[in-house]
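# Observations on chain architecture
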Amino acid sequence: MSAPKTLYDKIWDAHVVSEDADGTCLLYIDRHLVHEVTSPQAFEGLRLTGRKVRCPEKTIAVPDHNVPTTEGRETHIDNEESRIQVEALDKNAKDFGINYYPVTDIRQGIVHIVGPEQGWTLPGMTVVCGDSHTATHGAFGALAHGIGTSEVEHVLATQTLIQKKSKNMKVEITGKLKPGVTAKDITLAVIGLTGTAGGTGHVIEYCGEAIRALSMEGRMTVCNMAIEGGARAGLIAPDETTFDYVRGRAHAPKGAQWEAALNWWKTLFTDDGAHFDKVVTIRGEDIEPVVTWGTSPEDVLPISAVVPAPEDFTGGKVEAAKRALDYMGLTPGQKLTDIAIDTVFIGSCTNGRIEDLRAAAEIVKGKKIKDGMRAMVVPGSGLVRHQAEEEGIAQIFIDAGFEWRLAGCSMCLAMNPDQLGEYERCASTSNRNFEGRQGYKGRTHLVSPAMAAAAALTGHLTDVREMM
Amino acid sequence: MEKFTKVTGIAAPMPLVNIDTDMIIPKGFLKTIKRTGLGVHAFDEMRYDRQGNENPDFVLNKPQYRKAEILVAGDNFGCGSSREHAPWALADFGIKVIVSTSFADIFFNNSFKNGMLPIVLPQAEVDLLMADAEKGANARMTVDLEAQEITTSDGHVIKFEVDQFKKHCLLNGLDDIGLTLEKVSAIHDFETKSAQSRPWV
Ligand code: SF4
């Protein structure tokens, strides 16, 4: 019998095309997702060298980062450079014959939402994209990570990537979550514990009862932020929840192929006794709804806590905390629930799926957002938007005073028109609270969709459990 | 990728330490769709004022260094973000060789991927080259990759180390893609096998 393997080992081994003496491997890539910002130079490189896309049928492109989320964008994007990047993707997709979802297609949306939704992302696959949040697709038990532009070109031309293997890390969430605690709180709590470099050099496998109990959408939220914990990728072993989600999707296998696929997918789990280089365990019961107070995703606290003081930290973090408090305009000792919010953003590849919108709508239903609040809901794809409209969720948001937008990355990053103004303070369901991420001098507090909804109603950070 | 064998050209002195990728190419230029054309924006904030006028004191704006192909730089060149726009901008400006006591890791690797040769030398030798570069346009130095030698304008020879695999790639103009394509039959075999075992992919 061969040595026990982790899930990561199994997927890796199934994709090695060749291996050099120093352990450098050529790894086969099953799915290559492409968006407009990190791909133009890669396509230009192909043109200059007269190369083709090796497997256009395994390559999927969608514009998301630069596109406005307001009506009329099919015919007009104000920002010249954004427009050129989107037009370049239109042309590259056509010229190289790759699968494409332009803004005019109802299936357009954030690349990491579109891939799973269309059944492009399947268990046991290798998935790459010129975008760090490719980690999202790990929720299916697929090895998925972000790459640079030269690597995008490399994958386009060869359908492979030159890689060395990472280490194995296990993050186990035991037991059950308490009411009001979501996948977003899990993933933030893990980063709060391990730090933004805790996963460096590793691929994380998330496991344990609380992870098993999550829906596919919740699992995507967890894996999405593996990158914020420094990991190369996050993984969750596929199970019935996964298979039920995948079954019947446009590009999922059908008939006999489905059966064959299922047989293999069921072997994709970590064997008993397999070795992990690092193990972290958190009790699900101990996780509370959390928020970030600073400018790093590791600056996480339970909503019941107070703003920390620099002296609460050690080493280089003391200076970093000082700078973060100054940037965020917060005072040590201030209750987190006393922090006033003027903007709420519900969306992004972390929390822009239908269940996220349902969770937020549940809190908002029949109520109004605080006077003067700017609140927006940006569905992760045109199909999520459509479904929310069918279910009546869109109307709940609109009646409460939210803006109901078209799909895209929107205010997750300040690259399209949806941005924070100077010193505006946002409760955001996205994944990065870096300085300037949502707009120059904008202030971001990362939260779950339900917590964002609660803040929109009260005008300050709020413990959602008080509204349930 | 173009082959890199030997460069004889003007070296510009940039003794500043920790020249980061933001200095090399500010983030305002990341919305481009090209690798090329970034050369005019290389070192943008040091090179131009807010109105876009050239800063006459910046080394690459001085008449004798406008056509520099070699940079002799301070410690830790290329630190900061991983943006490949930084080596793109330098290559587009016409830089072929950068000499320093140390480079940031990602920048170092990205340079090779874009046909540039970063050379690490001890402080004393960097100082010597810096002094040679200060002499201006008449001080042409020669960088010979095959021989792993730099010859200064007055004939002084300095040996340097380079990863043999990376040297091979530069000398033969092989990029990663070119190399991987040498293994195309292995990729093809993998695809044939996987069409049997995982036909749904
Ligand atoms: S939603 Fe945000 S994190 Fe996700 S792909 Fe878009 S910009 Fe990146």
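If you check an unreviewed UniProt entry, chain B appears there as 3-isopropylmalate dehydratase small subunit from Rhodobacter maris. Looking at the Sequence similarities (unreviewed entry) heading of the UniProt record, one finds this comment for chain B: "Belongs to the LeuD family. LeuD type 1 subfamily."

As annotated in an unreviewed UniProt entry, chain A is 3-isopropylmalate dehydratase large subunit from Rhodobacter maris. On record in UniProt, under Function (unreviewed entry), the comment for chain A is "Catalyzes the isomerization between 2-isopropylmalate and 3-isopropylmalate, via the formation of 2-isopropylmaleate." Taken from UniProt, the Sequence similarities (unreviewed entry) comment for chain A reads in full: "Belongs to the aconitase/IPM isomerase family. LeuC type 1 subfamily."

Looking only at helices and strands, chain B has eight helices and seven strands in total. Across its three principal directions, the C-alpha atoms of chain B cover 65 × 45 × 25 Å. Considering only contacts within chain B whose residues lie at least 6 apart along the sequence, 65% involve residues at least 24 apart. Charged side chains in chain B number 22 positive and 28 negative. The centres of these two groups are separated by 5 Å.

This part takes up the side chain of Thr180(B). Inspection of the secondary structure assignment puts Thr180(B) in helix H7 (residues 176-181). Residue classification places Thr180(B) among the buried residues on the basis of a relative accessible area of 3%. The residues contacting Thr180(B), other than those within four sequence positions of it, are Leu26(A), His154(A), Thr158(A), Thr160(A), Ile162(A) and Ile187(B).

Here the focus is the site of the ligand. Residue and element names in this part refer to chain A. For the ligand, the full set of nearby residues is His65, Ile110, His112, Asp131, His133, Ser348, Cys349, Cys409, Cys412, Leu413, Asn431 and Arg437. Per-class residue counts for the shell around the ligand are five nonpolar, five polar and two charged. Split by domain, the shell around the ligand shows at least three residues from each of two domains, domain 1 (8-165) and domain 2 (290-467).

Looking now at the packing of aromatic side chains. Enumeration according to the criterion identifies 16 aromatic pairs over all chains in this entry. Their ring planes at 45 degrees and their centres at 5.7 Å tell us that Phe103(B) and Phe108(B) sit as a pair that is tilted. With relative accessibility at 12%, the residue Phe103(B) sits in the buried group. On the accessibility criterion, Phe108(B) (22% relative accessible area) is partly exposed. Among the aromatic side chains, those forming a connected cluster through ring pairs are Phe243(A), Trp258(A), Trp264(A), Trp265(A) and Trp200(B). If you follow Lys10(A) out to its NZ or CZ, it ends over the ring of Phe269(A), 4.1 Å from the centre. Note that Lys166(B) overlies the ring of Phe112(B), its terminal NZ or CZ placed 5.5 Å from the centroid.

At the junction of the two partners, chain B supplies 29 residues and chain A supplies 46 residues. Of the roughly 3100 Å² buried where chain B meets chain A, counting both sides, 57% is carbon and sulfur surface. Remark: the boundary between chain B and chain A carries six salt bridges. We note a salt bridge from Arg198(B) to Asp30(A), for which the minimum N-O separation is 3.0 Å. Going through the elements one at a time, helix H3 (85-93), H7 and helix H8 (184-197) of chain B are the ones with two or more residues in the side of chain B that touches chain A. It is H8(B) that provides the largest number of residues to the side of chain B that touches chain A, a total of six residues.

Residues and elements named next belong to chain B. Overall, the predicted model of chain B reaches an average pLDDT of 90, with 97% of residues at or above 70. Confidence scores differ between elements of chain B, with helix H4 (residues 105-113) showing the lowest mean pLDDT of 80 and strand E7 (residues 157-159) the highest of 98. In the model output, the complex is listed with pTM 0.85 alongside ipTM 0.93.

Before going further, it helps to spend a moment on the nonpolar core. All names here are of chain A. Formed by 61 residues in total, the largest nonpolar core has its most connected members in Ile173, Tyr206 and Trp265. When sequence neighbours within four positions are dropped, the list of residues in contact with Ile173 reads Ile186, Val190, Cys207, Gly208, Glu209, Ala210, Ile211, Ile282, Gly284 and Ile287. In this structure, Ile303, Ala324, Ala400 and Ala427 belong to the second largest nonpolar core, which totals 54 residues.

To continue, consider the domain arrangement of chain A. All names here are of chain A. Taken domain by domain, chain A consists of domain 1 (8-165) and domain 2 (290-467). Summarising the inter-unit geometry, the C-alpha centres of domain 1 and domain 2 are found 28 Å apart. In this assembly, 24 residues from domain 1 lie in contact with 25 residues from domain 2. Taking both partners together, domain 1 and domain 2 bury about 1900 Å²; carbon and sulfur atoms supply 62% of that area.

Time to look at the pattern of salt bridges. Residue and element names in this part refer to chain A. Taken as a whole and assessed by the stated rule, the structure comprises 38 salt bridges over all chains. One salt bridge connects Glu298 with Lys317, and the closest N-O pair in it is separated by 3.0 Å. In this pair, Glu298 sits in the loop between strand E13 (290-292) and strand E14 (300-302) while Lys317 sits in helix H11 (residues 316-328), placing the two residues 19 residues apart along the sequence. Via salt bridges that share partners, Arg47, Lys91 and Asp95 belong to a single interconnected network.

Conventions and cut-offs
Residues numbered from 1 in each chain as written. Chains lettered and ligands numbered in written order. Predicted model: local features only at pLDDT ≥ 70, side-chain atom pairs only at ≥ 80, totals over all residues. Heavy atoms only, no water. UniProt positions renumbered as here; feature names shortened; annotations may be inferred. Helix = DSSP H or I, 4+ residues; strand = E, 2+ residues; numbered from the N terminus. Contact = heavy atoms within 4.5 Å. Lys, Arg positive; Asp, Glu negative; His and termini not counted. Charge placed at Lys NZ, Arg CZ, Asp CG, Glu CD. Buried < 20%, exposed > 50% of the residue type's maximum accessible area, 1.4 Å probe, protein only. Near = heavy atom within 4 Å. Nonpolar A, V, L, I, M, F, W, Y, C, P; charged D, E, K, R; others polar. Domains from an automatic or database assignment. Phe/Tyr/Trp six-rings, centres within 6.5 Å; stacked < 30°, edge-to-face > 60°. Lys NZ or Arg CZ within 6 Å of the ring centre and 35° of its normal. Buried area = accessible area lost by both parts, 1.4 Å probe. Salt bridge = Lys/Arg side-chain N within 4 Å of Asp/Glu carboxyl O. pLDDT = per-residue confidence, 0-100. Core = buried A, V, L, I, M, F, W, Y, C linked by side-chain atoms within 4.5 Å.

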